[in-house]
Amino acid sequence: MKRHDLIVIGAGPGGYVAAIRAAQLGLDVACVEKEAALGGTCLRVGCIPSKALLESSEHYVVARNRLAEHGVRVGSVELDLAAMMKRKDKVVEGLTGGVAALFKKRKITRYAGQARFTAPRRVAIDDADKTELEAKHILIATGSVPTSLPGVELDGDRIGTSTEALAYPEPPKRLVVIGAGYIGLEMGQVWQRLGSEVTVLEYLDRILPGMDGELAKEALKLFKRQGLAFQLGCRVTGARVHGDRCVVEREGDEPLECDRVLVAVGRKPNTEGLGLDEIGLTLDERGRVPVDDRFATAVEGVYAIGDVIRGPMLAHKAEEEGSACVEGIVTGVCHINYDAIPGVVYTDPEIAAVGKTQEQLEQDGVEFRKGVFHFRGNGRARALAQLDGFVKILAHARTDRVLGVHIIGPRAGDLIAEAAVAIEFGASSEDLARSSHAHPTLAECLKEAALAVDGRQIHA
Ligand SMILES: Cc1cc2nc3c(=O)[nH]c(=O)nc-3n(C[C@H](O)[C@H](O)[C@H](O)COP(=O)(O)OP(=O)(O)OC[C@H]3O[C@@H](n4cnc5c(N)ncnc54)[C@H](O)[C@@H]3O)c2cc1C
């Protein structure tokens, strides 16, 4: 039996950040990970490889279609998919190796294998030595896994999830994406840029469920203009491989033939094989580990964070929870402001949001004022030749406090950081409007949108 102060199960962004923070705070930390590489879904088959492919595929499109506008002539542009995939794998390797180096630096003991509870403060690992560990505190950070739909048979190849879509051997001629959330749209856009005919099927009558409706509407318009096809209000009843094709069945419509299907209908908390029964820990109705506001479960000494608990399934949310949880254990202070956690879709155009949507405010009966500024009125956007999209700021009608910021357009994912800080610090739209923003930058659109809350925008 090996003893530590804290055992972290899972080395995704939640688990590895918790382990590092706990080691900084002086705990003797162990981390158990069943995959060979550290970094979890995010680094291995999520955020990082998808962004690497989005970046590479964007270069391909820019070289083909947009350089001429800048007066740059190139010869014929060809796709070298193998090189693109190799680069993606290298980016992933660099980062997962980086986490291993950080573990070493912080003297975190790494165990390879699947961890299973045998008692509230004990876990067994399925490694060759049948290692058993004991700790005062155990943190479940086992993340999530993709889900499917009834009748949609995942074959791990042609009918697959984002994991397969990150490594198709060639662009499928026709790709059907089921689900218009951020994962379906990002991966759909990668393959559309690389030459696939992409059709996105979505059950709801809109894309990007949960995001501000005005943003989603603008995004749909711009994606369609790029050549992505959408069928909204479409109920998929099945998908199967049939000879050398895939067939997708839709309620009230003809079956749709294609070469590959990407199922992107969501993810579910991953608690399989964790032995939660052994410690009497029951899950909620959606299969999540229930926790209190200090991330403690109903079993003393056992905590949970990240995708395996409630809240948005996002890497940075898992990271914040990882740090907050161990800070709570060691110092007693545990705090997260969920209103200030941004969400980003890394498509072109980028889409980013923090705080409340307009629909949420309307539903809650909160009176607000709205300031909108379009990128086409911004000098830097013109220099970049990226004029689509806008910044929208929602501020409380009486106090002027910033309640929500929604951006669609160039570098929205970077611009949203200012808005997240504003919300975290309880800023008013007047605070944003009075802050000097360097010229010419895209960030000036935030200042202009803040001025627009009061009808004082200059460049529109
Ligand atoms: C295609 C894709 C793109 C994404 N893009 C983004 C993005 O751009 N931005 C963003 O914020 N989020 C993104 N996400 C979501 C993000 O990856 C997750 O929210 C994040 O990884 C959750 O972190 P986590 O630590 O909770 O869990 P995970 O990253 O899932 O890590 C859990 C780890 O636990 C391990 N594990 C599970 N059970 C056991 C066990 N019993 N014993 C030992 N180890 C175990 C797993 O192997 C895994 O490594 C994306 C996801 C996908 C699929």
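Calculation rules
Residues numbered from 1 in each chain as written. Predicted model: local features only at pLDDT ≥ 70, side-chain atom pairs only at ≥ 80, totals over all residues. Heavy atoms only, no water. Pairing = 2+ DSSP bridges. Helix = DSSP H or I, 4+ residues; strand = E, 2+ residues; numbered from the N terminus. Axes fitted to C-alpha atoms, helices over the stretch in contact; angles between N-to-C directions. Contact = heavy atoms within 4.5 Å. Near = heavy atom within 4 Å. Polar contact = N/O pair within 3.5 Å; in protein donor to acceptor, adjacent residues only side chain to side chain. Areas by Shrake-Rupley, 256 points an atom, 1.4 Å probe, with all protein chains shown as cover. Nonpolar A, V, L, I, M, F, W, Y, C, P; charged D, E, K, R; others polar. Expected span 1.5 Å × (residues − 1). Buried < 20%, exposed > 50% of the residue type's maximum accessible area, 1.4 Å probe, protein only. Parallel < 35°, antiparallel > 145°, perpendicular 65-115°, else oblique. Left-handed = near helix turned anticlockwise from the far one by under 90°. Lys, Arg positive; Asp, Glu negative; His and termini not counted. Salt bridge = Lys/Arg side-chain N within 4 Å of Asp/Glu carboxyl O. Phe/Tyr/Trp six-rings, centres within 6.5 Å; stacked < 30°, edge-to-face > 60°.

1. Describing the sheet that holds strand β21 (residues 390-396)
The strands that make up a sheet are held in pairs by hydrogen bonds between backbone atoms, and each pair lies either parallel or antiparallel.
So, step 1. An order of β18-β19-β22-β21-β20 is seen for the 5 strands of this open sheet, with the pairing classed as antiparallel. The open sheet has two edge strands, β18 (343-345) and β20 (368-374), and neither has a second partner. The sheet shows a mean angle of 10 degrees between the axes of neighbouring strands, taken without regard to direction.
So, step 2. Where β21 meets strand β22 (residues 402-409), 6 bridges bridge the pair, whose relative direction is antiparallel. Looking across to β22, one finds that F390 is bridged to I408.
So, step 3. Along the sheet, helix α7 (residues 213-226) contacts β19 (350-355), β20, β21 and β22; its crossing angle with β22, the most-contacted strand, is approximately 5 degrees.

2. Remarks on the site of the ligand
So, step 1. If you check the shell around the ligand, you find 41 residues, and the closest are E33, T41, K51, A115 and A315.
So, step 2. Between an oxygen atom of the ligand and a main-chain N or O atom of C42, the distance comes to 3.3 Å.
So, step 3. At 3.0 Å, a side-chain N or O of Y182 approaches a nitrogen atom of the ligand.
So, step 4. Expressed as a share of its isolated accessible area of 1,000 Å², the protein-covered part of the ligand is 98%.
So, step 5. Broken down by element, the shell around the ligand gets its largest block of residues, 5 residues, from helix α2 (residues 40-45).
So, step 6. Residues of the shell around the ligand, tallied by class, amount to 17 nonpolar, 17 polar and 7 charged.

3. A few points about helix α1 (residues 13-24)
So, step 1. With 12 residues, α1 extends 16 Å between its outermost C-alpha atoms, agreeing within 8% with the 16 Å of an ideal straight helix rising 1.5 Å per residue.
So, step 2. Among the residues making up α1, those that are buried are P13, G14, G15, Y16, V17, A18, A19, I20, A22 and A23.
So, step 3. Its buried side turned inward, α1 meets β1 (2-9), β2 (29-33), α2, α4 (81-105), β6 (132-140) and α8 (315-331).
So, step 4. Two residues or fewer past α1, G26 is found with a positive phi of approximately 100 degrees.

4. So, the packing of α1 against α4
So, step 1. The interhelical angle for the contact between α1 and α4, taken along N-to-C directions, is 25 degrees, at an axis separation of 10 Å. When the interaxial angle is binned, α1 and α4 end up roughly parallel. Relative to α4, α1 is oriented so that their crossing is left-handed. Residue-level contacts link Y16, A19 and I20 of α1 to V99, L102 and F103 of α4.
So, step 2. Class assignment for the residues of the contact of α1 with α4 results in 6 nonpolar, no polar and no charged.

5. Describing the sheet that holds strand β15 (residues 260-263)
So, step 1. Spatially, the 5 strands line up as an open sheet ordered β8-β15-β9-β10-β11, and their pairing is parallel. Looking at the sheet topology across the chains shown, the edges are occupied by β8 (159-160) and β11 (229-231).

6. As for unusual backbone geometry
So, step 1. Cis geometry is found at the peptide bond from D348 to P349, where omega equals 0 degrees.
So, step 2. With an omega dihedral of -5 degrees, the bond running from H439 to P440 counts as a cis peptide bond.
So, step 3. Residue placement: P440 occurs in the loop between α12 (429-434) and α13 (444-452).
So, step 4. A positive phi angle is found at K130, which is not glycine, with a value near 50 degrees.

7. Points about the side chain of D127
So, step 1. Its place among the elements puts D127 in the loop between β5 (122-125) and β6.
So, step 2. Comment: no salt bridge for buried D127; closest opposite-charge side chain is K130, at 6.3 Å.
So, step 3. Separated by 2.6 Å, the side chains of D127 and T131 make a polar contact.

8. What about the packing of aromatic side chains?
Here the distance between the centres and the angle between the planes together describe a pair of aromatic rings.
So, step 1. One pass over the structure, following the stated rule, counts 2 aromatic pairs.
So, step 2. Considering the side-chain rings of Y168 and W191, the 5.1 Å spacing of their centres and the 40 degrees angle between planes classify their relative orientation as tilted. Of this pair, Y168 sits in the loop between α5 (162-165) and β9 (174-178) while W191 sits in helix α6 (residues 182-193), and the two are 23 residues apart along the sequence.
So, step 3. With relative accessibility at 3%, the residue Y168 sits in the buried group.
So, step 4. Residue classification places W191 among the buried positions, given a relative accessible area of 0%.
So, step 5. Considering the side-chain rings of F223 and F230, the 6.4 Å spacing of their centres and the 25 degrees angle between planes classify their relative orientation as stacked.
So, step 6. We classify F223 as buried; its relative accessible area is 0%.
So, step 7. Given a relative accessible area of 15%, F230 falls into the buried group.

9. Notes on the pattern of salt bridges
When their charged atoms lie close together, side chains carrying opposite charge are able to pair.
So, step 1. Enumeration according to the criterion identifies 33 salt bridges in this entry.
So, step 2. Between E35 and K34 there is a salt bridge, and its shortest N-O distance comes to 3.8 Å.
So, step 3. Judged by its relative accessible area of 31%, E35 falls in the partly exposed class.
So, step 4. Of the residues examined, K34 reaches a relative accessible area of 48% and is grouped as partly exposed.
So, step 5. With its nearest N and O atoms 3.7 Å apart, the salt bridge here joins R66 to D348. Of the two residues, R66 sits in helix α3 (residues 47-66) while D348 sits in the loop between β18 and β19, which places them 282 residues apart along the sequence.
So, step 6. Looking at D348, the relative accessible area reads 22%, which means it is partly exposed.
So, step 7. Through salt bridges with shared partners, a single ionic network connects R369, D400, E430, R434, D454 and R456.

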